[in-house]
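# Commentary on secondary and tertiary structure
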Amino acid sequence: MINRVRELRADRGWSQADLAERLDVSRQTVNAIETGKYDPSLPLAFKIARLFGLSIESIFEPEPQAATPMVSRHPME
């Protein structure tokens, strides 16, 4: 999942520890969210959105799906 958490946090001049305290999570959790190693639970995503005064959709968005190559299927002869 792609997210804007790092950008939004930096715009406010908050450290990862500052944001973690406001969200009642560890700094490591904030780091994992920012680096895309962890997708927050829905309740945590709502908490992040409320904290920044934005919609969840404006902070988080799914990564584009890689195109799956079409497999040609030929009837058996």
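Up top you'll find the structure we're talking about.
Here is a short report on the structure shown in this document. As the structure is a computational prediction, the values presented were derived from the model and not from experiment. (Residues numbered from 1 in each chain as written. Predicted model: local features only at pLDDT ≥ 70, side-chain atom pairs only at ≥ 80, totals over all residues. Heavy atoms only, no water.)

### Notes on the packing of helix 2 (residues 16-23) against helix 4 (residues 42-52)
For the record, the criterion: The convention used is that axes are lines fitted to C-alpha atoms, helices contributing only their stretch in contact, and that angles between N-to-C directions extend from 0 to 180 degrees. Runs of H or I in DSSP of at least four residues are treated as helices and runs of E of at least two as strands, each being numbered from the N terminus. Between 65 and 115 degrees an angle is taken as roughly perpendicular, under 35 as roughly parallel, over 145 as roughly antiparallel, and anywhere else as oblique. Note on convention: near helix rotated counterclockwise from far helix by under a right angle means a left-handed crossing. Clockwise means right-handed. We call two residues in contact whenever any of their non-hydrogen atoms come within 4.5 Å of each other. Only Asp, Glu, Lys and Arg are considered charged, only Ala, Val, Leu, Ile, Met, Phe, Trp, Tyr, Cys and Pro nonpolar, and every remaining residue, Gly among them, polar.
Taken N-terminus to C-terminus, the directions of helix 2 and helix 4 make an angle of 110°; their axes are 10 Å apart at the nearest point. Here helix 2 lies roughly perpendicular to helix 4, going by the angle between them. The way helix 2 lies across helix 4 gives a crossing that is right-handed. Across the interface between the two elements, Leu 19, Arg 22 and Leu 23 from helix 2 touch Leu 44, Lys 47, Ile 48, Leu 51 and Phe 52 from helix 4. Counted by class, the contact of helix 2 with helix 4 contains six nonpolar, no polar and two charged residues.

### Some remarks on helix 2
Filter applied, for reference: Remark: exposure states derive from per-residue accessible area (1.4 Å probe, protein chains only) relative to the maximum for the residue type, with buried under 20%, exposed over 50%, and partly exposed in between. In this context, the arc is that of the directions from the helix axis out to the C-beta atoms.
Taken together, the buried positions of helix 2 are occupied by Gln 16, Leu 19, Ala 20 and Leu 23. Mapping the buried residues of helix 2 onto a view down its axis gives an arc of 100°, with all of them on the same face. Looking at the buried residues of helix 2, the elements they touch are helix 1 (5-11), helix 3 (27-34) and helix 4. Two residues or fewer past helix 2, Asp 24 is found with a positive phi of approximately 60°.

### A look at the pattern of salt bridges
The cut-off we apply is this: Within this document, salt bridges are pairs made up of a side-chain nitrogen of Lys or Arg and a carboxyl oxygen of Asp or Glu, the two lying within 4 Å of each other.
By the definition in use, this model includes three salt bridges. The shortest N-O distance in the salt bridge between Glu 34 and Arg 6 comes to 4.0 Å. One end of the pair, Glu 34, is in helix 3; the other, Arg 6, is in helix 1, and 28 residues separate them in sequence. The exposure class assigned to Arg 6 is partly exposed, which follows from its relative accessible area of 41%. A salt bridge links Glu 34 to Arg 9; the shortest N-O distance between them is 2.5 Å. Here the residue Glu 34 occupies a position in helix 3, and Arg 9 occupies one in helix 1, the gap between them amounting to 25 residues. When salt bridges with common partners are traced through the structure, they connect Arg 6, Arg 9 and Glu 34 into a single cluster.

These figures come from the coordinates and say nothing about function on their own.
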